[in-house]
Amino acid sequence: MPTINLGKPKSRERTVNKQLYQDFYQDPRWRALRDQKIRDNPVCEQCEARGKTILAREVHHKIPFQLGRTPEEIEHLAFDYDNTESLCVPCHKKADQDIRKGKIPSHFVTHFIARFMQDVFCRNLPSGIPPFFPLNFTI
Ligand SMILES: [Zn+2]
């Protein structure tokens, strides 16, 4: 899978992220979203893509919600069903390790390009537009 290296987060970012995580995992909306995702897709999506059927135990954010630039973006990424992925424990561990190492899967690249395009071209759109392009936005 193609990756882009964004580097490791700085210590202040880590502190902010820790608080965000604490707030997020105490939010009852997360438990509801997580339970719904596991009910809908009880099989690890990454193992399934490799032809293996393994029970999913955890729900992963494909794009980490702390990458949001505003509270609205963070909220959108955190609770967007389409930004979640059912994973087994080893696949979730590996996905999180890759993110911590700065190895970013290709869907991040699409996300960042879409955000950049919105910043450059869509600054003056009327209110009511979504906080950023849908995650499946393609260029
Ligand atoms: Zn797996």
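Residues take numbers from 1 onward in each chain, read along the sequence in its written order. pLDDT decides what is reported in this predicted model: residues at 70 or higher carry local features, side-chain atom pairs at 80 or more are listed and counted, and totals for whole chains, interfaces and linings draw on all residues regardless.

Enquirer: Where do I start with the confidence of the model for the protein in this structure?
Expert: Detailed reading of the predicted model is not advised wherever pLDDT is low. Summary of the metric used: pLDDT quantifies the predictor's per-residue confidence within the range 0 to 100. The share of residues in the protein with pLDDT of 70 or more is 73%, and the mean pLDDT across the chain is 79. By definition, residue pairs are in contact when their C-beta atoms, positioned from the backbone, come within 7 Å. In the model, residues 133-139 has pLDDT below 50 throughout and makes eleven contacts with residues more than four positions away in sequence or in other chains.

Enquirer: Just checking my understanding: could you explain the environment of F112 for this structure?
Expert: Here F112 lies in helix 6 (residues 106-121). Residue F112 is classed as partly exposed on the basis of its C-beta count, with 15 C-beta atoms lying within 10 Å. Sequence separation between F112 and L67 is 45 residues, and the spatial gap between their C-alpha atoms is 9.9 Å. Segments assigned H or I by DSSP are reported as helices when at least four residues long, segments assigned E as strands when at least two residues long, and all are numbered from the N terminus. In this scheme every C-beta is placed from the backbone, and a residue whose C-beta has 20 or more other C-beta atoms within 10 Å is buried, one with 12 or fewer is exposed, and one in between is partly exposed.

Enquirer: Please clarify how helix 5 (residues 89-100) should be interpreted in this entry.
Expert: Along an α-helix, residues three or four apart share an orientation, since each turn contains 3.6 residues. When the terminal C-alpha atoms of helix 5 are compared, their 16 Å separation across twelve residues agrees well with the 16 Å that a helix rising 1.5 Å per residue should span. In the segment just after helix 5, G102 is the residue with positive phi, at about 85 degrees. Any helix carries an expected span of 1.5 Å times its number of residues minus one.

Enquirer: Can you walk me through helix 2 (residues 28-40) in this structure?
Expert: Under the 1.5 Å per step criterion, the end-to-end length of helix 2 is 18 Å for 13 residues, consistent within 8% with the ideal 18 Å. With zero of its 13 residues buried, helix 2 lies for the most part at the surface.

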